[in-house]
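Chain by chain, the residues:
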Amino acid sequence: MFSFSTLSSQGQARAGIFSTPHGILETPVFAPVGTQATVKTLTPAQLDELGASLVLSNTYHLYLRPGDELVAEMGGLHNFMQWPHPILTDSGGFQVFSLAPTRKIDNDGVTFKSNIDGAIHRFTPEKSIQIQENLGADIIMAFDECSDPNDREYSKTAMERTHRWAERSLAAKTRSDQALFGIIQGGVNPALRTVSAEFISSLPFPGIAIGGLSVGETKHEMHAMLDLVTPLLPDNKPRYLMGVGTPEDLLNGIARGIDIFDCVLPTRLARHNAAFSSEGRLNLMNATYARDHNPIDEACDCYTCSNFTRAYLRHLIISREMLAGTLLSIHNLHALIKLVKEIRLSIINNTFESKIPAWLDKWQGNAKRKSTLGEIV
């Protein structure tokens, strides 16, 4: 039911096919994030038109509202949100990290307060798998603990706990139509990351995720961990870098052997009036765009850039019209989805490495953290 094969590779970069019950994923692939069973401001039809093939939804948030049992009663996430293509759900492990002030971790699981009403809840590996089975995504995640990457002592504790929870997640899984991925942790410590990559690779997961990156470490540290980890992973399983999604990050991740990405950034930026562009990240609320006849990016062929000016988009933003978020989300997601598809084609055509400098030069102004132009850093 699940299979992964590499069609072509150049260096560490690879173009592959991952088969799932709801369709084939052509990798590398970028997944828009639909935290609450919706990619904010967009309809499933609009996502389809953008060429999205995978969407991520959030286990923690859907457990709290509307509840995983209700989603199961409604026919699972695919039917509930009317998305016919593959879906990935995370395990809730990142919320364990991000909600640190309101949770308590022990070796069995995590007790936390709901961010909605303050009610007390308990997640264990078994509970996380049960919730994800109710949600019914094609790809599900083992329960893990993400730690502060710079705290080596605690990163070791969290990694060891993640390993035990990975084994328990595998034992708890009952559905054969869901691919359970294990998650590598270890902060930015090379020894820990090596141990974690080798341990998770030894377990019978059909795919492997790399967690605990892009959570406070430098870009150089993130890339160093990817340089270390991906050569240790099996070639016949997809590799998923969790929560990473600027254009530069996609280029750098693919060059290091990553197959799957997700990130809230493109739609979050859209809701904060910002857009990816070959000029660098634009803040369209700025008065300089009030009479600007140009599209967001003249090199872009998305619906937004084909039809609307920066002046109109700024008008929508200033007027607090909801259409602003939709049009900016369309553009930002189009930029990433199209870039990844172009990269995939370049891998197949054996031109990826020669195109890296131009792509990095084009997109280098769209991340908060700068990268060195013309090279993978």
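A quick note: this is a predicted structure, and the numbers were derived from the prediction, not measured.

Chemist: Let's hear about the side chain of T230: which residues, and what values?
Modeler: Structurally, T230 can be placed in the loop between α9 (219–229) and β13 (239–241). Classification of T230 as buried rests on a relative accessible area of 1%. Dropping the residues within four chain positions of it, T230 is found in contact with Q12, I210, R239, R256 and I258.

Chemist: Please set out the packing of helix α7 (residues 152–172) against helix α8 (residues 190–202) residue by residue, giving values where relevant.
Modeler: Relative to each other, α7 and α8 sit at 0°, their axes nearing to 11 Å. Relative to α8, the element α7 is oriented roughly parallel. Contact residues: α7 offers R152, S155, K156, M159, H163, A166 and E167, while α8 offers L192, V195, S196, F199 and I200. Among the residues making up the contact of α7 with α8, the classes are represented as six nonpolar, three polar and three charged.

Chemist: Go over the confidence of the model for the protein with me, naming the residues and quoting the values.
Modeler: On average, the protein scores 95 in pLDDT, and the residues at 70 or more come to 97%. Low confidence marks residues 369–377, where pLDDT is under 50. Its contacts with residues over four positions away, or in another chain, come to 25 contacts.

Chemist: Go over the packing of helix α10 (residues 247–255) against helix α15 (residues 352–363) with me, naming the residues and quoting the values.
Modeler: Interaxial distance between α10 and α15 falls to 10 Å at its minimum, and their mutual angle equals 160°. By the criterion of interaxial angle, the relationship of α10 to α15 is roughly antiparallel. The two elements α10 and α15 cross, and the hand of that crossing is left-handed. Along the contact surface, α10 presents P247, E248, L251, N252, I254 and A255, while α15 presents F352, W359, L360 and W363. Along the lines of polarity and charge, the residues of the contact of α10 with α15 split into eight nonpolar, one polar and one charged.

Chemist: Outline the sheet that holds strand β1 (residues 3–10), listing residues and values.
Modeler: Within a beta sheet, neighbouring strands are joined by backbone hydrogen bonds and run either parallel or antiparallel to one another. Spatial strand order, β1-β2-β3: three strands in an open sheet with antiparallel pairing. Edge positions in the open sheet fall to β1 and β3 (23–27), since each of these has one partner strand only. The sheet shows a mean angle of 15° between the axes of neighbouring strands, taken without regard to direction. Of the pairings in the sheet, the one linking strand β2 (residues 13–20) to β3 comprises five bridges and is antiparallel in character. Bridge pairing in β3 places G16 opposite T27. Strands β1, β2 and β3 of the sheet are contacted by helix α14 (residues 323–348), whose axis makes an angle of about 115° with β2.

Chemist: Outline the side chain of Q132, supporting the account with residue identities and numerical values.
Modeler: In this structure, Q132 sits in helix α6 (residues 125–135). Residue Q132 is classed as buried on the basis of its relative accessible area, which comes to 0%. Within the structure, the side chain of Q132 is placed 2.9 Å from the backbone oxygen of M141, a separation counted as a polar contact.

Chemist: Explain the sheet that holds β13 to me, using residue names and the numbers behind them.
Modeler: Here we have eight strands laid out as an open sheet, ordered β4-β14-β13-β12-β11-β10-β6-β5, and parallel in their pairing. Whereas interior strands pair on both sides, the edge strands pair on one side only; in this sheet they are β4 (29–32) and β5 (55–57). Direction aside, the axes of adjacent strands within the sheet are offset by 25° on average. Where β13 lies against strand β14 (residues 260–263), two bridges are found, and the strand directions are parallel. Paired with Y240 across the bridge in β14 is I260. α8 contacts β11 (179–184) and β12 (207–210) of the sheet and is inclined by roughly 160° relative to β11.

Cut-offs applied
Residues numbered from 1 in each chain as written. Predicted model: local features only at pLDDT ≥ 70, side-chain atom pairs only at ≥ 80, totals over all residues. Heavy atoms only, no water. Helix = DSSP H or I, 4+ residues; strand = E, 2+ residues; numbered from the N terminus. Buried < 20%, exposed > 50% of the residue type's maximum accessible area, 1.4 Å probe, protein only. Contact = heavy atoms within 4.5 Å. Axes fitted to C-alpha atoms, helices over the stretch in contact; angles between N-to-C directions. Parallel < 35°, antiparallel > 145°, perpendicular 65-115°, else oblique. Nonpolar A, V, L, I, M, F, W, Y, C, P; charged D, E, K, R; others polar. pLDDT = per-residue confidence, 0-100. Left-handed = near helix turned anticlockwise from the far one by under 90°. Pairing = 2+ DSSP bridges. Polar contact = N/O pair within 3.5 Å; in protein donor to acceptor, adjacent residues only side chain to side chain.

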